[in-house]
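Here's the letter readout for the chains.
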Amino acid sequence: MSAQIIEYKTVIAGERMSASDGATMPIINPANGTVIARAPKCGSNEVNLAVAAALKAAPEWASKTVGERSKVLLKLSQLIMANLNELARLETMEHGSPIRKTMNFDVPLCAEQLEYFAGVGRALTGETLPVGPWCTSMTIREPLGVVGLITPWNFPALMVVWKLGAALITGNTVVVKPPSITPLTTIRLAELALEAGAPPGVVNVVTGPGETVGEALVQHPDVTKIGFTGDTVTGKRIMSLASSSVKQVGLELGGKNAFIVLADADVDSAVEGAVFGAFFNTGQVCAAASRFYIHESLYDRFTEKFVEASSHLKYGDPMNMETVLGPVAYAAHRDKIEGYIERAKKAGADLLLGGERPDTPDTKDGFFVAPTVFGSCSNDMEIMRDEIFGPVIALCKFKTNEEAVALTNDTKYGLSASVWTKDLEN
Ligand code: NDP
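Residues numbered from 1 in each chain as written. Predicted model: local features only at pLDDT ≥ 70, side-chain atom pairs only at ≥ 80, totals over all residues. Heavy atoms only, no water.

**Q** Looking at this structure, I do not really get empty space enclosed by the protein. What am I missing?
**A** Enumeration according to the criterion identifies 3 cavities of 30 Å³ or more in this entry. Roughly 80 Å³ of internal volume is contained in the largest cavity. Forming the boundary of the largest cavity are 13 residues, of which Gly283, Ala288, Ser290, Ile388 and Phe389 lie nearest the centre. By residue class, the composition of the lining of the largest cavity is 7 nonpolar, 5 polar and 1 charged. Looking at the second largest cavity, the residues that line it are Ile80, Leu87, Glu91, Val107, Cys110, Ala157, Thr185 and Leu189. Taken together, the elements giving at least two residues each to the lining of the second largest cavity come down to helix H3 (84-95), helix H4 (99-122) and helix H6 (184-195). Partitioning the lining of the second largest cavity into residue classes produces 6 nonpolar, 1 polar and 1 charged. (1 Å grid on protein atoms, 1.4 Å probe; cavity = no way out; pocket = protein on both sides within 12 Å on 5 of 7 lines; lining within 4 Å. Points joined across faces, edges and corners; volume = space filled by probe spheres on them. Nonpolar A, V, L, I, M, F, W, Y, C, P; charged D, E, K, R; others polar. Helix = DSSP H or I, 4+ residues; strand = E, 2+ residues; numbered from the N terminus.)

**Q** Help me understand the layout of surface pockets in this model?
**A** The probe, sized like a water molecule, is rolled over the atoms to show the empty space still left. Approximately 1,100 Å³ is the volume attributed to the largest pocket. Among the secondary structure elements, those contributing two or more residues to the lining of the largest pocket are helix H7 (210-219), strand E11 (223-229), helix H8 (232-243) and helix H11 (331-346). Tallying contributions element by element places H8 first for the lining of the largest pocket, with 6 residues. In terms of residue class, the lining of the largest pocket is built from 18 nonpolar, 11 polar and 11 charged. Composition of the lining of the largest pocket by domain shows at least three residues from each of domain 1 (6-252) and domain 2 (257-420). Within this model, the second largest pocket holds a volume of roughly 580 Å³. Looking at the second largest pocket, it is lined by 28 residues, and the ones nearest its centre are Leu124, Ala166, Ala167, Thr170 and Asn172. Taken together, the elements giving at least two residues each to the lining of the second largest pocket come down to helix H2 (66-82), strand E8 (146-150), helix H5 (156-169), E11 and strand E12 (248-252). No other element matches the 6 residues that H5 contributes to the lining of the second largest pocket. (Domains from an automatic or database assignment.)

**Q** Sorry if this is basic, but what is going on with H6 here?
**A** Every α-helix winds through 3.6 residues per turn, so residues three or four apart in the chain are directed the same way. With 12 residues, H6 ought to run about 16 Å at 1.5 Å a step, and its terminal C-alpha atoms sit 17 Å apart, in line with that. In terms of burial, H6 is a largely internal element, 10 of the 12 residues being buried. Of all the positions in H6, only Leu184, Thr185, Thr186, Ile187, Arg188, Leu189, Ala190, Glu191, Leu192 and Ala193 are classed as buried. With its phi angle positive at about 110°, glycine 197 sits one or two positions after the end of H6. (Expected span 1.5 Å × (residues − 1). Buried < 20%, exposed > 50% of the residue type's maximum accessible area, 1.4 Å probe, protein only.)

**Q** Just checking my understanding: could you explain helix H10 (residues 299-311) for this structure?
**A** Given a rise of 1.5 Å per residue, 13 residues ought to cover 18 Å, and the 18 Å separating the end C-alpha atoms of H10 matches this to within 8%. Listed as buried for H10 are Tyr299, Phe302, Thr303, Phe306, Val307 and Ser310. Along the axis of H10, the buried positions cluster into a sector of 120°, meaning they face one direction only. Structural note: H10 exposes Asp300 and Glu304 on the side pointing more than 90 degrees away from its buried face. Of the surrounding secondary structure, the elements contacted by the buried residues of H10 are strand E13 (257-261), helix H9 (267-279), strand E14 (289-295), strand E15 (350-353), strand E16 (372-375) and strand E17 (392-398). (Arc of directions from axis to C-beta. Contact = heavy atoms within 4.5 Å.)

**Q** Help me understand the environment of tyrosine 116, please; the structure alone is not making it clear to me.
**A** With respect to the helices and strands, tyrosine 116 occurs in helix H4. Here the alpha-carbon distance between tyrosine 116 and isoleucine 150, two residues 34 residues apart in the chain, equals 21 Å.

**Q** Whenever I open this one, the site of the ligand confuses me. Can you help?
**A** The ligand sits among 30 residues. The nearest are Thr151, Trp153, Lys177, Ser180 and Glu215. The side chain of tryptophan 153 places a nitrogen or oxygen atom 2.3 Å from an oxygen atom of the ligand. Surface burial for the ligand is 90%, taken as the share of its 860 Å² of free accessible area covered by protein chains. Every element with two or more residues in the shell around the ligand is listed here: H7, E11, H8 and H11. Split by residue class, the shell around the ligand holds 12 nonpolar, 11 polar and 7 charged. (Near = heavy atom within 4 Å. Polar contact = N/O pair within 3.5 Å; in protein donor to acceptor, adjacent residues only side chain to side chain. Areas by Shrake-Rupley, 256 points an atom, 1.4 Å probe, with all protein chains shown as cover.)

Next up, the structure:
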């Protein structure tokens with residue numbers, strides 16, 4: 001008997017809506033490759049409806065006191081926790097993130113972050129400027145109006161909440177464009193926002209492809225700002241499209257983050273940090289530790305312990321409470337990561353762990369990549385330079401701290417890095 005495929009509707013102007021032409025797109029569970037739901041494949045028609053609804057709702061939402069808006073955010077936070085099980089299961093099924101993570105991290109953090117925005121909004125003030133005795137000059141914060149939020153798939157719910165909380169508490173209305181592969185938690189959050197008292201039109205969701213729906217949102221004349229997280233190439237495209245209407249854009253893009261272990265580091269602590277930094281969310285984190293620089297004096301010891309610890313990470317069915325590594329989010333992403341692994345092997349990197357597609361009963365139909373570690377890497381290798389966004393780690397030796405700094409800075413990215421040492425002078 002085949003499992004029931006749920007037909008989702010999106011939320012525009014406070015109404016549940018399908019695409020006007022009835023088009024839908026399949027939502028696939030990356031743990032087993034099955035279609036679990038269908039979501040509306042919206043087009044520019046729905047973008048226009050959503051932006052019009054957000055524009056209509058904007059004056060009333062902006063005229064509320066920050067206290068009134070804060071109450072809606074706090075109510076939404078409570079509703080998220082009241083629906084913890086449902087949201088966590090939904091996120092696990094559409095994204096593959098292990099249920100122990102979605103239950104204990106993603107969904108509770110969504111609730112907590114809304115509490116944060118509800119509180120911090122009340123503390124926002126303007127400034128007075130000492131221009132001269134003949135003039136009073138001050139800044140007053142005003143809402144921008146309609147903000148477009150284009151979110152990535154690596155933390156489907158949390159990425160929406162981070163953007164949504166900031167936009168709503170400051171009096172803006174929003175149109176969210178979630179990723180095509182993981183729109184379900186976003187739709188559910190919009191439904192809960194209505195239940196929490198957000199007036200119709202304050203939170204709208206347009207599900208559908210980035211090239212059509214996303215670009216229509218970016219170019220819409222009534223959208224004042226775009227908040228985007230995702231691929232650097234997409235970010236550049238959005239920035240260029242937004243420039244034609246001189247829109248503000250906030251971009252959070254890729255990273256290739258260095259993990260530097262200095263000669264005096266506590267190896268056990270560094271290994272513990274490395275396992276978390278490298279494999280949390282199956283490596284699908286913009287700030288994931290990805291290229292490792294380890295002082296030659298402890299390279300062998302660190303490598304042995306890191307590979308040993310990584311080899312015990314339990315991957316497989318994300319619905320199992322014991323699982324710490326789920327699949328990657330979609331098949332083409334798995335294939336892209338496997339391409340990196342094959343090319344790293346050919347380039348002479350030393351495969352120390354993983355490197356083969358898992359084939360156990362609970363992984364064979366899903367998009368799994370086993371934790372993979374390459375040693376003896378050099379900075380010119382592709383795996384040391386490109387953002388892989390998966391559980392693939394490259395280790396490289398260095399001799400001096402100056403060399404470690406030079407290697408770390410030799411990148412086109414600049415997102416995060418960590419240094420492991422017992423001496424802050426370092
Ligand atoms: P994208 O940047 O393509 O997707 C992110 C969001 O942008 C999605 O909602 C997507 O919609 C939308 N989008 C795509 N193209 C456009 C466009 N032309 N105009 C407006 N919106 C658009 O990332 P991918 O999902 O393709 O992931 C590719 C790589 O990006 C990853 O392998 C990783 O390296 C990086 N990435 C980085 C993230 C980070 O946190 N910094 C997060 C996610 C990815 P749709 O899903 O419909 O295409």
